[in-house]
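# Close look at the chain arrangement
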Amino acid sequence: MILGIETSCDETAAALVTNDGEIRSNVVSSQADLHARYGGVVPEVASRRHLELIAPVVREALAEAGATLDDVDRVAVTQGPGLVGALLVGLAAAKAIAWSRRLPLAPVDHLQGHVASLYLEPGPLEPPFVCLLASGGHTLLLDVRAHTDERLLGTTLDDAAGEAFDKGARLLGLGYPGGRELDLLAREGDPEAYDFPVAQVPGLDFSFSGLKTALLYAVRPLSSDELAARRADLAASYQRAIVRALLERVREVADGRRIAVVGGVAANSELRAALPDAVFAPLALCTDNAAMIASAARFVSPVPYPGYLDLDAYASR
Ligand code: KG4
Ligand code: ZN
């Protein structure tokens with residue numbers, strides 16, 4: 001079995017996955033509550049929390065799988081991109097566990113991890129396909145040719161799609177992270193009530209910062225009573241604009257190819273409904289988790305014991 005560890009942002013996660021891609025356990029401890037009052041992740045606070053949680057979360061993953069470290073033959077860990085201080089906690093834990101058991105260690109790219117959420121049982125997807133990866137930190141369109149061969153077709157020029165959801169939610173007075181709350185509220189609103197712009201960007205790139213500004217201008221003149229009355233309509237119209245921007249690009253590249261969607265925003269109900277033929281990551285694997293990291297590790301050669309002790313984390317690709 002592979003022990004996967006993920007600490008790139010504000011989720012402390014550990015999972016056990018077999019070499020065949022069966023999830024034996026998948027433990028995610030979210031720190032969202034801790035960061036909510038700041039309206040975003042505070043890196044130093046996240047690192048300290050990871051440090052407290054990493055050992056219990058790994059222990060819980062082993063217990064849930066009915067396993068011990070004797071059953072683990074490889075350790076996989078997110079090396080980047082993400083918050084360096086947060087990544088270092090997971091990386092140090094993974095090194096310590098692997099080194100103490102003389103196991104190989106597989107450093108995994110977080111974005112390849114999200115794609116590998118599609119490769120798990122039951123019903124794994126096989127490349128080739130076009131993948132939309134939309135999360136809080138990234139919005140990428142990838143041409144996935146093989147398990148370890150993906151080419152970048154487009155990316156965001158400014159905010160990520162999940163970031164647009166979170167910033168929009170904040171303007172509407174919803175909690176953090178706001179994507180899910182905005183999704184729920186949008187179901188009660190009229191998506192045609194406001195005409196928010198979809199940025200015209202050349203090529204296959206995305207841009208969401210203008211949309212956020214448009215929402216700001218729509219919200220600013222409203223009194224708090226007016227905002228309360230229009231909140232659902234604003235949410236529905238704003239979500240519609242984000243989803244339209246994503247759909248436009250996906251349809252442009254699809255051209256009969258299979259489409260897959262991964263990352264936190266893949267949990268969005270309007271996006272899921274708008275792409276009935278696409279393959280979506282299972283809901284539990286859309287937001288950050290370690291099962292996807294262990295999954296990705298199945299397709300890379302691990303670093304043999306003890307050559308990984310000087311591995312470093314990276315903030316961006
Ligand atoms: O993949 P993820 O856990 O973290 C990153 O790697 O960034 O994605 C988190 C993002 C957040 O921005 C969150 O608001 C968004 O995914 N999200 C959603 C939904 N659920 C989570 N966005 C829209 N609709 C949802 N249902
Ligand atoms: Zn992620």
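Attention here is on the structure that accompanies the text. Not measured: the values here are computed from a predicted model. Within each chain, residue numbers correspond to sequence positions counted from 1 in written order. Think of it this way: whatever chain is written first is A, whatever ligand is written first is 1, and the rest follow in order. Reporting in this predicted model follows two pLDDT cut-offs: at least 70 for local features of residues, and 80 or more for side-chain atom pairs to be given and counted; totals over whole chains, interfaces and linings ignore these cut-offs and use all residues. Water and hydrogen atoms play no part in the side-chain values, which are based on all heavy atoms of the structure.

Two pairing modes exist for strands in a sheet, parallel and antiparallel, and in both the strands are linked by backbone hydrogen bonds. By this definition, two strands are paired if DSSP reports at least two bridges between them. For the purposes of this entry, the term helix denotes a DSSP run of H or I that reaches at least four residues, the term strand denotes a run of E that reaches at least two, and both are numbered from the N terminus. In spatial order, the strands read β8-β7-β6-β9-β10; together these five strands make up an open sheet with mixed pairing. With partners counted over all chains shown, the strands left at the sheet margins are β8 (149-155) and β10 (279-280), one partner each. Relative to strand β9 (residues 259-262), strand β6 (residues 129-134) runs parallel, the two sharing four bridges. Note on β9: the bridge partner recorded for Leu133 is Val262.

Let us look at empty space enclosed by the protein. Here a cavity is any set of points on a 1 Å grid over the protein atoms alone where a 1.4 Å probe fits but cannot get out, and a pocket is any open set with protein on both sides within 12 Å along at least 5 of 7 lines; a residue lines the site when it has an atom within 4 Å of a point. Grid points are joined across faces, edges and corners, and a volume is the space filled by probe spheres set on the points. Evaluated as defined, the whole model comprises two cavities of 30 Å³ or more. Roughly 70 Å³ of volume is contained in the largest cavity. Along the walls of the largest cavity sit Gln112, Val115, Ala116, Tyr119, His147, Thr148, Glu150, Ala296, Phe299 and Val300, which together make up its complete lining. Here the element with the most residues in the lining of the largest cavity is helix α4 (residues 110-116); it accounts for three residues. Gly falls in the polar group here, along with every residue not listed as nonpolar (Ala, Val, Leu, Ile, Met, Phe, Trp, Tyr, Cys, Pro) or charged (Asp, Glu, Lys, Arg). A breakdown of the residues in the lining of the largest cavity according to their chemical character gives six nonpolar, three polar and one charged. There is about 50 Å³ of room inside the second largest cavity. Every residue along the wall of the second largest cavity is listed here: Val198, Ala199, Val201, Asp205, Phe206, Ser207, Ala245, Glu248 and Arg249. The residue makeup of the lining of the second largest cavity, split by class, is five nonpolar, one polar and three charged.

Glancing now at the site of ligand 1. In the neighbourhood of ligand 1, 18 residues make up the surrounding shell, with Gly136, Gly137, Asp166, Asp183 and Asp288 lying closest. Polar contacts here mean pairs of N or O atoms no more than 3.5 Å apart (in protein, one a potential hydrogen donor and the other a potential acceptor; neighbouring residues in sequence count only if both atoms are side-chain atoms). Between His110 and ligand 1, the recorded distance is 3.2 Å, taken from a side-chain N or O atom to an oxygen atom. The separation between a nitrogen atom of ligand 1 and a polar side-chain atom of Asn268 is 3.0 Å. In short, Shrake-Rupley with a 1.4 Å probe defines the accessible areas, and a residue's cover is counted only from the protein chains shown. Taken by itself ligand 1 offers 550 Å² of open surface, and the protein chains cover 90% of this. To qualify as sitting in a cavity or pocket, a molecule needs more than half of its atoms within 2 Å of the grid points. Of all the cavities here, the one that holds ligand 1 is the largest pocket. Sorting the residues of the shell around ligand 1 by element identifies α4, α5 (161-171) and α6 (179-186) as the ones contributing at least two each. In the shell around ligand 1, the residues fall into four nonpolar, ten polar and four charged. We call a residue near a molecule or strand whenever a single non-hydrogen atom of that residue lies within 4 Å of it.

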